[in-house]
2 protein chains.
Amino acid sequence: MAHPLFEKHQELLQRALEAIRNRGYWSAYSENPKSYGDDAIEEGRRAFSAYFDAQFYLDQPGVMGRVNAAPSPYGLALDISYPQCSPDALISAAKGAMPAWIRAGADTRAGVCAEILARINACTMEIAHAVMHTTGQSLMMAFQSGGPHAQDRGLEAVAQAWGEMKQVPGTALWEKPQGKNAPLRIEKRFTVVPRGVALLLGCATSPTLAAYPALFASLATANPVIVKPHPAAILPLAITVALARQTLKESGFDPSLVSLLVDDSGTPVAKDVAVKPDIGLIDCAGRAEYGEWFEENARQAHVFTQKSGVNCVVIESTGDYKGMLRNLAVTLSLHSGQTAMTPRTILVSSEGIKTPEGTYSPEQLGRDLSLAISALLEDNARAVEVLGAIQSPDTVTRIDALRELGAESGQILRDSSPVPHPQWPEARVHSPLLLRVEVSDRQLYMEERLGPISCVVETATASESFAIAERIMREKGAVTFSVYSTNPVMQQLAEDVAIRAGVALSFNLTGGLFITQSAAFSDYHGTGANPSASASLVDAAFVASRFHVVQSCRHAG
Amino acid sequence: MAHPLFEKHQELLQRALEAIRNRGYWSAYSENPKSYGDDAIEEGRRAFSAYFDAQFYLDQPGVMGRVNAAPSPYGLALDISYPQCSPDALISAAKGAMPAWIRAGADTRAGVCAEILARINACTMEIAHAVMHTTGQSLMMAFQSGGPHAQDRGLEAVAQAWGEMKQVPGTALWEKPQGKNAPLRIEKRFTVVPRGVALLLGCATSPTLAAYPALFASLATANPVIVKPHPAAILPLAITVALARQTLKESGFDPSLVSLLVDDSGTPVAKDVAVKPDIGLIDCAGRAEYGEWFEENARQAHVFTQKSGVNCVVIESTGDYKGMLRNLAVTLSLHSGQTAMTPRTILVSSEGIKTPEGTYSPEQLGRDLSLAISALLEDNARAVEVLGAIQSPDTVTRIDALRELGAESGQILRDSSPVPHPQWPEARVHSPLLLRVEVSDRQLYMEERLGPISCVVETATASESFAIAERIMREKGAVTFSVYSTNPVMQQLAEDVAIRAGVALSFNLTGGLFITQSAAFSDYHGTGANPSASASLVDAAFVASRFHVVQSCRHAG
C-alpha cells in the first residue's frame, strides 16, 4: 500500500521527472512573492524576528553546549543560539534511524521528501529573511534564490533520485529454460541501500540553494543527513532541519534522519567528522582548498564538491553592443559577484569587438562597461537591491588590496566604493571594481576572487582569447563560460572549448537572461568535468552514486 | 539521420534495456555450443591455433617492441607475440579520436558497440579456446563464461549506458513566461562528454567477463579505452581489441578508440600509465592490494575496482541436506574456486544443522561435504571438466602451504591432490582442499585464498555464525553470501546482515543454480558497498559516473 505522502506528491514527482527529461521551462514553486500571500513579506519578517533573543529549539541528542549566530552583513545582531550536539551522538542516532528508512522504499522516501519541501515552501518568506541576514543577499534575491529556486533544485534531486531508484525493480522472477527439464525458477528481491551517513557542509553565500540538492538526493536514496552549516549562515539551514525533522516525525519516521551540527569559526568540526568511518557521503560547497581537503582525506566517503573557479567571458563580436553592456553590468553587479557563476575574467582581443556600427577597441569596452555599471547603480535604492551586502569582511579586504594594486599600476577601469544603504546604515555594501590586467599578469586573472571584482584582459587575437579561457577553465575550473560572437566559426570554436573544459556555455546574452541564473529541471549547474566542481546539479551520477543495490534470491515455490 | 549500426541494433538495445528494468531471465547470446554451428568447437580450435608461432597483428602507433604470451595452464606453449606500444602514443591517438566519437552521439555509439559485440559473438569459440588456455578454465566454462556470459555483460553495460545517456535530451527550448512581456526563449544543447581516456586492467582468471562491462560502459559513454590485459591472459583481450578496432574503422571511426597495451610480469606498466593526467577512468579487477593502489594513487581518475573478498556460507537448517551437499560440492569445485564468487568460509554452529530427518553436527557436515566433493570428482573426465586447471603456480604453492598447516594441526577434512588430465599431461589440476578451522583462528578464515581452498568454522550458535559472517564481509569484503535456513527468523536476520554488509544473498541453493553463477540483465555482480568491489556490474552509478553533460545556450530566434 502506498504511503499517503507518496500518494499526495506522486503527480508532482512525475511532473518533475518529465521536466528533467525534456529540460524545458518548469518550476514547482512560485518565484512571485504575491503567490505567498499579500502580507507574506511582512509575515516572514515577523516569523524571522521571533527567533531573536532565543534558543533555537531542536530536540537532538548529545547536546554539549550552544553556539551563537554571527551578525548579519546588514548590521543586524542575530541573537540566536543553537544547540551544539556531539557528532557521535548524531551519527549514532542517524544509524539507528536507517533500517526503517531503507525498508520504507523509494516511493515513500520520495513522498516524505516532497512533503518536507512543501513545508519549506510554506516558510519561504521566513527563510528568505534568514538568507538575507546571513548571506547579504537583497531580500528579493534571498527570496527567489534561497526560496523557490533552492526548493526547485531540491525537488529536482528528489525526482532524479526517485527516477534512478525506480529503475531497480523491487522483485523479479527469473525463469531460465532448461531444455526438456522444468525451468529454473528463482525469486529475487532488490533493495536500495544507502552509502552511509551523509555529511552536508553548507556554504555562506547560498546556504539553501547549495545545500538542498545534496540534502534531498541523500535523503531520498536512504542516507541520513547531518547538516553542518557555515558558521556565518546557520539560520536558513536550522529552519530547514527543524522542518525536515518535524515532517519525518509526523510521517512515522525517526527525525534523526536529518540533524543539525553547528560549530563556530574558532573550533571547526567538519574535518574531524568527515573522516569518521560511518560517514559514507560528503557534500561540500566552498573554497577550492576546503573542498580538496575532503577529497584527499575523507577516503572512506564519496565526496561531492562545489568549489571555486574562474569563469570567463570572451567578447569577439556582437549584434547588440549596448544590450551586451547592460547584461554584463547586471551580471557583474548581482549580489556583488558573490556567486559561483559570476564571470571573473573578460577577454577581448586588440583587434576589437566587431559590431554592426563598427569596431570597438578593448579600451573602449573597458570604459563603456564601467559606465554601464555606474549607470545601473546610479539610483541608490536600486543599487542596494542589485548589490546586496558583502557577506564576509574578507571580501572587503580583498577589494581594498586590489584597489591598491590597481592604483599603483594605473589599471583601475572602475573603482569600487562603499554604498550607503538607506535602511541598514551598518550594511557592508561596495560597488564593483573593474580592473584592466595585462595578459602577462597571470596570477591576477587566473585566481578566483569572490566578490565584486573582475578583470578585462587584452589579448592579441580572438583565438588567443579562447586559448587563454580554455587554459584558465581547465586549470582553475569554471561553472560558466560566456561568449559574445556572431561569427559561426568562432561559435564552433567556443563549443569545442566548452566541451574540452567541461563548462556550460552561453552565447550572446543581451536580454533578460543572466549567466548567473541557473534554472532547475533545465540547466545543469556545474559539470563535474573541471576543477570547479566534482558534481553536477543534478545529473544521474549525483544521485546514482549515493546508493547501492543489494539483492537476495531463493528458489521460487 | 540514424547511423546504420544503430538502426541494425536498436531493437536489441531496447530489449536489453527492458530486461535490465525488469530483471527476469533474458540473454542475447546463446550459451548452447550448437548454436554456433555443428563444427564450431573444432573451427574455434583451428582459428585459435592459427595465432601460434606468429606475431599478433594490430596496426597501433608507437610500437617499441614485442611481448610474448605466457604458457597455458594446460601446458600448451602459446607462441604468440604482441606489439608493445608506447602508452603515450596510445593516449595521444585516443585523444585524437575523441571529438568525432563525442559528436557521434549516444545512439551511434551504442549501435557501434552492439556491432562490436556481434562480431565478438561470431568469434566466440576462438575466444573460448583462448580463455581456456590462459585462465585454465575447462573449454565448456571458458565458452560459456568467457563467451556469451561476458558478451551479455558487455551488452548490459551498453544498454545501461545508452539508457542513462538518453535521459539527457540533445536539445531543449526553454520558454519562461515574463508576465505581460514576451516570454524569454532560450535554445539549449546538451552534449554527453567523456571523463577522459579509460584504462582497463584485465585479470587472469576471467579476462573477458571481468573486462567487457567496463570496456563497453566506457566506450558507449564516449571514453576511448586502453585495454591492458594481465600478462598471463593477453590473447582473449587481444582478439577483442582487434575486433573492436576493425569494427570502428569500418563504421567510419578512428580505431584508436580501443587499443591494446601489453606488458610482462617483469616490467609492469599499469601504475605508470594510471597516474597520467589524461587518464580519466580506471577499471581494475584483481587482488585487493592491487586495486587499492589505484584507488589511492590515481587521484585524477574515477577508479572502479573489483577486488577480492571472503565469501561466506552460513548453514543453520535445510529441507534438503543432500541437495545442499551436492550444490556446495559443485560450488567449491567449479574452476577450482578461482572465481570472485566462490565461498571461502562455511560457518556451522555446534548446535548442528536442523533437517527433516534430524540434526547434523558440524563434524558430520565436514565429513559429508568432503564425501560429496569426492563423489563429484570420482570420474576423472568429469573432474577435469569441473575443476579446469589452476591458473597460477602461486595457487598451487598456496594449496601446499595450507595442506602442511592442516596436517600439523590435524584439521584437514578433505585433502587436495593432483588430478591427471587425460588430454593435457602437463596441466596444473588439483582437487579441492577442505579445512576445519577453529573460530579463534581468524587469520585463517578471514583471508581470501583464491583457489580450491575452503574452511568449515564451528561457531557456538547460529547467531554467532551470522555475526562472524557479517564481520568478515564488512572488513574483508564479499561478493556472495549463501545461507541455508528454513527458519523465517534466521532468514530475516540473514537479510539484515546482507543489507548491512552490502552483499548479494542466496537462500537454500540445493538445485541447479550455483552461487558462482551471476546472470547479466538480472543479477548485480558486486554492490560497491563493501571492500570486495567499488563497483557493481552493472548498476546506474557504473555507467553514469563515466560521463558529464556540457550544455550551451543562446536566445532562440
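Scoring rules and cut-offs
- Residues numbered from 1 in each chain as written.
- Chains lettered and ligands numbered in written order.
- Predicted model: local features only at pLDDT ≥ 70, side-chain atom pairs only at ≥ 80, totals over all residues.
- Helix = DSSP H or I, 4+ residues; strand = E, 2+ residues; numbered from the N terminus.
- Rg over C-alpha atoms; globule rule 2.2 N^0.38 Å.
- Buried ≥ 20, exposed ≤ 12 C-beta atoms within 10 Å, placed from the backbone.
- Contact = placed C-beta atoms within 7 Å.
- Nonpolar A, V, L, I, M, F, W, Y, C, P; charged D, E, K, R; others polar.
- Pairing = 2+ DSSP bridges.
- Domains from an automatic or database assignment.
- Axes fitted to C-alpha atoms, helices over the stretch in contact; angles between N-to-C directions.
- Left-handed = near helix turned anticlockwise from the far one by under 90°.
- Least-squares fit on C-alpha atoms with pLDDT ≥ 70 in both.
- Parallel < 35°, antiparallel > 145°, perpendicular 65-115°, else oblique.
- Right-handed = clockwise from strand over helix to strand, strands pointing away.
- Expected span 1.5 Å × (residues − 1).
- Core = buried A, V, L, I, M, F, W, Y, C linked by C-beta atoms within 7 Å.
- pLDDT = per-residue confidence, 0-100.
- Arc of directions from axis to C-beta.

## Some details on the overall build of chain A
Thought 1: The secondary structure content of chain A amounts to 17 helices and 20 strands.
Thought 2: In summary, chain A has a C-alpha radius of gyration of 25 Å against a globular reference of 24 Å for 557 residues, a match within 12%.
Thought 3: In terms of overall dimensions, chain A has C-alpha extents of about 80 × 70 × 45 Å along its principal axes.
Thought 4: Buried residues in chain A amount to 61% of all 557 residues.

## Here's the deal with the interface of chain B and chain A
Thought 1: Counting residues at the interface gives 54 residues for chain B, matched by 54 residues for chain A.
Thought 2: Of all elements in the fold, only α1 (4–22), β4 (171–178), β5 (181–194), α16 (488–501), β19 (504–507), α17 (540–544) and β20 (547–555) of chain B reach the threshold of two or more residues within the side of chain B that touches chain A.
Thought 3: For the side of chain B that touches chain A, the residue count by class is 25 nonpolar, 19 polar and ten charged.
Thought 4: Where strand β19 (residues 504–507) of chain A lies against β20 of chain B, three bridges are found, and the strand directions are parallel.

## Some words on the domain arrangement of chain A
Residue and element names in this part refer to chain A.
Thought 1: Along its sequence, chain A is carved into domain 1 (45–307 + 535–555) and domain 2 (311–507).
Thought 2: With 14 residues of domain 1 at the interface, the matching set in domain 2 holds 17 residues.
Thought 3: Grouping the constituent residues of the side of domain 1 that touches domain 2 by class yields six nonpolar, seven polar and one charged.

## Re the sheet that holds strand β3 (residues 80–85) of chain B
Thought 1: As summarised here, the arrangement of the three strands in space is β1-β3-β2 (chain B), forming an open sheet in which the pairing is mixed. At either margin of the open sheet sits one strand with a lone partner, and together these are β1 (54–55) and β2 (63–68) of chain B.

## A short note on the packing of helix α6 (residues 207–220) of chain B against helix α7 (residues 235–250) of chain B
All names here are of chain B.
Thought 1: Where α6 meets α7, the axes come as close as 9 Å, and the angle between the chain directions of the two elements is 40°. In this structure, α6 meets α7 at a crossing whose hand is right-handed. The residues of α7 that touch α6, namely those facing P207, T208 and A211, are P236, L237 and T240.
Thought 2: Partitioned by chemical class, the residues of the contact of α6 with α7 number four nonpolar, two polar and no charged.

## A look at the sheet that holds strand β20 (residues 547–555) of chain A
Thought 1: Read from one edge of the open sheet, ten strands run β4(A)-β5(A)-β20(A)-β19(B)-β18(B)-β11(B)-β12(B)-β17(B)-β16(B)-β15(B), paired in mixed fashion. Looking at which strands have only one partner, the edges of the open sheet turn out to be β4 (171–178) of chain A together with β15 (412–414) of chain B. Strand after strand, the sheet turns through a mean of 25° between neighbouring axes, direction not considered.
Thought 2: Packed on one face of the sheet, helix α11 (residues 362–376) of chain B meets β11 (311–315), β12 (343–349), β15, β16 (433–437) and β17 (453–459) of chain B and runs near 45° to β15 of chain B.
Thought 3: Lying on the sheet, helix α13 (residues 393–409) of chain B is in contact with β15, β16 and β17 of chain B; it crosses β16 of chain B at an angle near 40°.

## Side note on the relation of the copies chain B and chain A
Thought 1: Mapping chain B onto chain A leaves a residual RMSD of 0.0 Å; the transformation is a rotation of 180° accompanied by 0.0 Å of translation along its axis. Taken together, the turn and the small shift mark the pair as related by a two-fold rotation axis. For chain B, the smallest separation between a C-alpha atom and the rotation axis is recorded for A541 of chain B, amounting to 3.0 Å.
Thought 2: Of the interface residues in chain B, 100% have counterparts in chain A that sit at the interface too, so the contact is made through matching surfaces.

## Details of the packing of helix α3 (residues 87–122) of chain B against α7 of chain B
Residues and elements named next belong to chain B.
Thought 1: The contact between α3 and α7 brings their axes to 9 Å, and the two run at 130°. Taken as axis vectors, α3 and α7 run oblique relative to one another. Once α3 is placed against α7, the crossing between them reads as right-handed. The segment α3 lies against α7, with V112, E115, I116, R119 and I120 engaging T240, L243, A244, T247 and L248.
Thought 2: Grouping the constituent residues of the contact of α3 with α7 by class yields six nonpolar, two polar and two charged.

## Structural notes on the pairing of strand β18 (residues 480–484) of chain A
All names here are of chain A.
Thought 1: Here β18 lies mainly inside the structure; five of its five residues are buried.
Thought 2: Neither face of β18 is open: one carries T480, S482 and Y484, the other F481 and V483, and all of them are buried.
Thought 3: As defined by bridge partners, strand β11 (residues 311–315) adjoins β18 across four bridges and the pair is classed as parallel. Along β18, the bridge assignment pairs V314 with V483.
Thought 4: The pairing of β18 with β19 spans four bridges and is classified as parallel. Counterpart to T480 in the pairing with β19 is A504.
Thought 5: Since β18 and β19 lie parallel, the crossover through helix α16 (residues 488–501) that links them has a hand, and here it is right-handed.

## Comments concerning α16 of chain A
Residue and element names in this part refer to chain A.
Thought 1: The end-to-end C-alpha distance of α16, which contains 14 residues, comes to 20 Å, matching closely the 20 Å that a straight helix rising 1.5 Å per residue would cover.
Thought 2: If you check which residues of α16 are buried, you get M490, L493, A494, V497, A498, I499 and A501.
Thought 3: Positive backbone phi, approximately 60°, marks G502, located one or two places after α16.

## Quick look at the nonpolar core
Thought 1: Ranked by internal contacts, the top residues of the largest apolar core, which has 386 residues, are V158 and V227 of chain A together with V158, L199 and V227 of chain B.
Thought 2: If sequence neighbours within four positions are ignored, V158 of chain B has contacts with L13, A110, C113, A114, F216 and A220 of chain B.

## Comments concerning the environment of M132 of chain A
Thought 1: Note on placement: M132 of chain A falls in helix α4 (residues 124–135).
Thought 2: For M132 of chain A, the contacting residues outside a window of four places in its chain are Q137, S138, L139 and A142 of chain A.

## A few points about the confidence of the model for chain A
Thought 1: Confidence in the prediction for chain A averages 96 pLDDT; 100% of positions are at 70 or higher.
Thought 2: As a predicted assembly, this complex carries a pTM of 0.97 together with an ipTM value of 0.97.

## Quick word on helix α11 (residues 362–376) of chain A
All names here are of chain A.
Thought 1: The terminal C-alpha atoms of α11, which comprises 15 residues, lie 21 Å apart, in line with the 21 Å expected from a rise of 1.5 Å per residue.
Thought 2: Among the residues making up α11, those that are buried are P362, L365, G366, L369, A372, I373 and L376. Looking straight down α11, one finds that the buried residues subtend no more than 130° of arc, so they occupy a single side.

## Regarding unusual backbone geometry
Residue and element names in this part refer to chain A.
Thought 1: A cis amide bond, omega -5°, links L537 with the succeeding residue V538.
Thought 2: Along the polypeptide, V538 turns up in the loop between β19 and α17 (540–544).
Thought 3: With a phi close to 50°, N508 is a non-glycine residue in the positive phi region.
Thought 4: Tracing the sequence through the fold places N508 in the loop between β19 and α17.

## As for the environment of L261 of chain A
Thought 1: On the secondary structure map, L261 of chain A appears in the loop between β8 (258–260) and α8 (270–274).
Thought 2: Not counting chain neighbours up to four residues away, the residues in contact with L261 of chain A comprise C85, P87, L90, I226, V227, K228, V269 and V273 of chain A.

## Observations regarding the environment of Q338 of chain A
All names here are of chain A.
Thought 1: Along the chain, the position of Q338 falls in the loop between α10 (321–333) and β12 (343–349).
Thought 2: Here the alpha-carbon distance between Q338 and R449, two residues 111 residues apart in the chain, equals 9.1 Å.
Thought 3: Excluding residues within four positions of it along the chain, Q338 makes contact with T205, Q391, L450 and G451.

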